[in-house]
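# Summary of the model geometry
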Amino acid sequence: MHMPSSTPTYHIGVDIGGTFTDLVAFETGSGRVVQAKSLTTSGDLSQGVWDCLAKSAIAPSAAEHIVHGSTIAINIAIEQKGAETALVVTKGTRDVYKIGRQNRPEAYNFSFARPVPLVPRSRTFEVNERLSATGERLVELSPEDAAAVAEAVRDSGAEAVAVCLLHSYGDPCHEIQLGEQLRAALNGAYLSLSHEIVREYREYERTSTTVMNAYIGPKTSAYIGRMQERLEADAFSGRLLIMQSNGGAMSPQTARKLPVAMMESGPVGGVIAAAELGTRLGFGNVITFDMGGTTAKTSLIKDGEISVAQGYHIGGYASGHPVMFPVVDIVEVGAGGGSIAWIDDVGALKIGPRSAGSHPGPICYRRGGAVPTVTDANVVLGRIGAESFLGGEMRLDEAAAKLGLDAELGGQLGMNPVETAHGIVKIAAAKMSLAVRGVSVQRGYDPRDFALVAMGGAGPLHAVEIARDLGIPTVIVPNLPAHFSALGMLMADVRHDYVRTHYGPLIEADYAQIEGIYGELLAAGSDTLANAGVEEDARSYRRWMDLRYVGQEFWLQIPVSEDEIRNADGEAIHRRFTEIHDHRFGHAAPDEPLEHVNLRLTAVGARPAIALPSLEGTAGDAVAGTRRIYLVDAANAADCPVYKRELLAPGARISGPCVVEEYASTTVLFDGDNARIAPTGEMIVKVAQDA
């Protein structure tokens, strides 16, 4: 990109959440940081991006790079507003997608509901073909059968089509043939072929992943296309990248083909930035806590390494849809600032998962909201300043919030507005503590060995209370906490993950064949990186093998080197499996035979390094005043000092009870909590532990 040297240029990260859209921009020459936040525009999500650009006084034409994360894909799936989708499968497997797995995670839950397929049986079509598990052609797909099923799909009126033929991970020849026929017959319908999505065995999960990609594809692809067109119309000539769930970024072309890869594209940015921040501050073990307007998300980082799972469920494990795609391991609960407080059939106070979103939003937003939310409760308790929200850009209506709490909840509960608000906040904190336990205690980690990184607009508001509940000794509030996910997106490399099922005993492995498969994966990865604009010297590749003991069902993902594959060094690979198994489970059986299941390759394109901002406060009186705040209970309010974070210089120390306000977030400290400002501006809180 060629621009006059006097014209500032920017690297921009944009995160569209359920309630707010966040933007962070780095000026390339000076390193100046610009932040902006606007309400998410649900009717046209891209408008929130342009609202932030206008607030920042940055023209799209001044951007060299834009990295974009959005909730659009996950929202389409959860709200079930996707395309009318058809599914084509091998003859005899029509009901695999409907039957699914016979998991019953809650054995005594009489209200348990199985996942409802996104494609009804009436739009599931069979085609006469068959491959063996090794890819051998048992029944050829005839042109007549392919044409017949294409005609049937066309007549169904489907807007999108998923094709998942049995064992096509071994040889996609029939899917390719059928795909050509469908493209010719359907005149522009969105098409997802399973071998282009994920070449891994497990028929139900592979089908579910392919269906999900087709289901969200038309709307997600159209959204990305509109973003590109609008940027081009505003003279943007830089590089647009879309954030992925695996912590990497991809080109818009790849995103339009693989929208299922961007399901969790928003939250992962904060995890990337938290790993970098923890390393910089000397905290290798951190737990991220990201609370926005709609949900709260948490993830665990051990020794500076982000945990990536090879699959997850959209809508929860119990009754959600499995997706076999790498994702940063995140536990999410419906407890954000906009989460609605309500009373169930037995009179108990509940929080979420429904959210008021940005329209109409919480009652205090003055946008027509009529049901109480967590944000309303925090305003009533004085923890959020009604006059200072978003740096004073958005005044909140505390009186309306009190009236709403009283009218909607207080009468039924027999509580005044302050008591109701305190109950809402305590229940929300308990839900969020369970999420933190989900990534720590439930996976064998002691949260007391970690620091909690608080991010999101509401994260610092609740983080200290959650840390105290779990015995976590330290809370880190980064610079720009409300924009931390957008910031993390700027630190993400281009990345794509490839997998190929290749099964057999490790001791009998054909390493020449394995090397050939890795060569095919590497060629695909190289093409993808090239399409994203990554120069050849910025590309790197990591190889993995999924290994397990003979007779086991699940595997461990083991890193392997190019030399080990070329030299057929199975002993070194076996030793590494033993070490990792022993570290993970506390035991290993080094003499037991292994089998390889899947081969994986990660293609990475390094992007220009963006350093975490060091926002040094300006020395001066940081106390902006005092505010009556309810902290411990609903009966006693304390006059607490209110600090302006931008006036807290490095080395400054403050003690609770107090609140620290900044542009888009507030940190609450309780009695006995102590905070210091790091040399680079982060606030590090020593949490007082209950006796």
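Source: prediction; values computed, not measured.

### Examining the pairing of strand β32 (residues 658-662)
With five of five residues buried, β32 is to be regarded as a mostly interior element. The alternating pattern of β32 places C658, V660 and E662 on one face and V659 and E661 on the opposite face, and all of these are buried. Bridging between strand β30 (residues 637-644) and β32 involves three bridges; their strand directions are parallel. Bridged to Y643 within β32 is V660. Sheet topology places β32 next to strand β33 (residues 665-669); five bridges connect them, and they run antiparallel. Note on β33: the bridge partner recorded for E661 is T666. Linking β32 to β33, which pair antiparallel, is a turn of two residues.

### Re the pattern of salt bridges
Taken as a whole, this structure holds 35 salt bridges when the rule is applied. A salt bridge links D329 to R443; the shortest N-O distance between them is 2.3 Å. Highlighted residues: D329 in the loop between β19 (327-328) and β20 (331-333) and R443 in the loop between α12 (417-439) and β23 (451-455), separated in sequence by 114 residues. You can call D329 buried: its relative accessible area is 18%. According to the relative accessible area criterion, R443 is partly exposed, its value standing at 38%.

### What about the side chain of E595?
Considering the arrangement of structural elements, one finds E595 in strand β28 (residues 594-605). Among the residues examined, E595 registers a relative accessible area of 6% and is labelled buried. In this structure the side chain of E595 is engaged in a polar contact, spanning 3.0 Å, whose partner is the side chain of Y503. Among the polar contacts listed, one links the side chain of E595 to the side chain of R548, at a separation of 2.8 Å. Setting aside residues no more than four positions away along its own chain, E595 makes contact with Y503, G504, P505, L506, D546, L547, R548, Y549, V550, G551 and Q552.

### A word on the sheet that holds β30
Sheet architecture is open: four strands sit in the order β29-β30-β32-β33, paired in mixed fashion. Whereas interior strands pair on both sides, the edge strands pair on one side only; in this sheet they are β29 (623-630) and β33. Each adjacent strand pair in this sheet contributes to an overall mean axis angle of 25 degrees, direction not counted.

### Section: helix α1 (residues 45-56)
Along its 12 residues, α1 runs 18 Å from first to last C-alpha, staying within 8% of the 16 Å computed at 1.5 Å per residue. For α1, every residue scored as buried is listed here: L45, S46, G48, V49, W50, C52, L53 and S56. Of the surrounding elements, those touching the buried residues of α1 are β1 (10-16), β2 (20-27), β3 (33-39), β4 (63-70), α2 (72-78) and α7 (203-233). In the segment just after α1, A57 is the residue with positive phi, at about 60 degrees.

### Overview of the nonpolar core
Counting residues in each nonpolar core, the largest one holds 75 residues, and the members touching the most others are L396, I424, M432, V475 and I654. Tallying contributions element by element places α12 first for this core, with 10 residues. The residues contacting L396, other than those within four sequence positions of it, are C364, Y365, R366, V379, I384, G385, A386 and F389. Counting 60 residues, the second largest nonpolar core, distinct from the first, contains C52, I216, I224 and L258.

### Topic: the packing of aromatic side chains
If you walk through the whole model with that rule in mind, you get eight aromatic pairs. Residues Y97 and Y204 carry aromatic rings whose centres are separated by 6.5 Å and whose planes lie at 35 degrees to one another, so their mutual orientation is tilted. Within this pair, whereas Y97 is found in helix α3 (residues 96-99), its partner Y204 is found in helix α7, the two being separated by 107 residues in sequence. Like Y97, the residue Y204 is buried in the burial classification. Ring centres of Y201 and W555 lie 6.3 Å apart, and the angle between their planes is 45 degrees; this geometry places the pair in the tilted category.

### Some thoughts on the sheet that holds strand β6 (residues 124-127)
With parallel pairing, four strands are arranged side by side in an open sheet as β6-β5-β9-β10. In the strand order of this sheet, the two ends are held by β6 and β10 (190-193), each with one partner. Taking each pair of neighbouring strands and ignoring which way they run, the sheet shows an average axis angle of 20 degrees. In this structure, strand β5 (residues 85-90) lies alongside β6, joined through four bridges in parallel fashion. Residue T90 lies in a different strand from β6, and its bridge partner there is V127. Along the sheet face, helix α4 (residues 143-155) touches β5, β6 and β9 (160-164) and points at about 170 degrees away from the line of β6.

### Here we look at the state of the cysteines
Overall, the coordinates contain zero disulfides when judged by the stated rule. C640 forms no disulfide, and the closest cysteine sulfur to it belongs to C658, at a distance of 7.4 Å. Since its relative accessible area comes to 0%, C640 is described here as buried.

### Notes on the packing of α1 against α7
In contact at an axis separation of 10 Å, α1 and α7 are set at 35 degrees when each is read in the N-to-C sense. Once α1 is placed against α7, the crossing between them reads as right-handed. When α1 is examined against α7, the residues L45, S46, Q47 and W50 are found in contact with a partner set consisting of Y223, M227, R230 and L231. Residues of the contact of α1 with α7, tallied by class, amount to five nonpolar, two polar and one charged.

### Considerations on the confidence of the model for the protein
Per-residue pLDDT for the protein has a mean of 92; in total, 98% of the residues score no lower than 70. Low pLDDT, under 50, characterises residues 1-5; the stretch is placed with eight contacts to residues that sit more than four places away or in other chains.

### Quick look at the pairing of β23
Burial runs high along β23: five of the five residues are buried. The two faces of β23 match: A451, V453 and M455 on one face and L452 and A454 on the other face are all buried. Inspection of the sheet shows strand β13 (residues 286-291) paired to β23 by five bridges, in the parallel sense. In the strand pairing of β23, I287 is matched with L452. Between the parallel pair β23 and strand β24 (residues 474-477), the chain is carried across by helix α13 (residues 459-470), and the sense of this crossover is right-handed.

### Looking at the environment of F554
Inspection of the secondary structure puts F554 in the loop between β26 (539-549) and β27 (556-560). Residue classification places F554 among the exposed residues on the basis of a relative accessible area of 60%. Considering only alpha carbons, one finds F554 and V597, 43 residues apart in sequence, at a separation of 9.3 Å. The contacts of F554, once residues within four sequence positions are left out, are R202 and R548.

### Side note on unusual backbone geometry
The omega angle of the peptide bond from G352 to P353 is 0 degrees, so this bond is cis rather than trans. With respect to the element layout, P353 can be found in strand β22 (residues 349-355). Cis rather than trans, the peptide bond between G656 and P657 has omega equal to 5 degrees. Among the structural elements, P657 can be located in the loop between β31 (653-655) and β32. Although it is not a glycine, A235 sits at a positive phi angle of roughly 65 degrees. One can find A235 in the loop between α7 and β11 (239-243).

Definitions and cut-offs
- For every chain, the first residue of the written sequence is number 1, and numbering continues from 1 onward in sequence order.
- Residues qualify for local features only when their pLDDT is at least 70, as the model is predicted, and side-chain atom pairs are given and counted only at 80 or more; totals for whole chains, interfaces and linings, by contrast, use all residues.
- Values reported for side chains reflect all heavy atoms of the structure, with hydrogen atoms and water molecules removed beforehand.
- Using a 1.4 Å probe on the protein chains alone, a residue whose accessible area is under 20% of its type maximum counts as buried, one over 50% counts as exposed, and one in between counts as partly exposed.
- The secondary structure listing takes helices from DSSP runs of H or I that are at least 4 residues long and strands from runs of E that are at least 2 residues long, numbered from the N terminus.
- Strands were regarded as paired on the criterion that DSSP finds at least two bridges between them.
- A side-chain nitrogen of Lys or Arg and a carboxyl oxygen of Asp or Glu constitute a salt bridge if their distance falls within 4 Å.
- Here a polar contact means two N or O atoms within 3.5 Å. Within protein one must be a hydrogen donor candidate and the other an acceptor candidate, and residues neighboring in sequence count only if both atoms are side-chain atoms.
- Here, residues are in contact when the closest pair of their heavy atoms is within 4.5 Å.
- In this description, a line fitted to the C-alpha atoms serves as the axis of each element, helices being fitted only across the stretch in contact, and the angle between N-to-C directions of two axes falls anywhere from 0 to 180 degrees.
- For a helix, the expected span equals 1.5 Å multiplied by the number of residues minus one.
- Each nonpolar core is a collection of buried residues, namely Ala, Val, Leu, Ile, Met, Phe, Trp, Tyr and Cys, held together in the definition by side-chain atoms within 4.5 Å.
- Two rings belonging to Phe, Tyr or Trp (six-membered ring only in the last case) form a pair when the distance between their centres is within 6.5 Å. Interplanar angles under 30 degrees mark stacking, angles over 60 mark edge-to-face geometry, and anything in between is tilted.
- When two cysteine sulfur atoms lie within 2.5 Å, the pair is treated as a disulfide.
- Crossing handedness is read from the near helix: turned anticlockwise from the far helix by less than a right angle, it gives a left-handed crossing, and turned clockwise, a right-handed one.
- Note on residue categories: nonpolar means Ala, Val, Leu, Ile, Met, Phe, Trp, Tyr, Cys or Pro, charged means Asp, Glu, Lys or Arg, and polar means any other residue, Gly included.
- Per-residue confidence from the predictor is given as pLDDT, running between 0 and 100.
- The handedness of a crossover follows from its direction of travel: if, with the strands pointing away from the viewer, the path from the first strand over the helix to the second runs clockwise, the crossover is right-handed.

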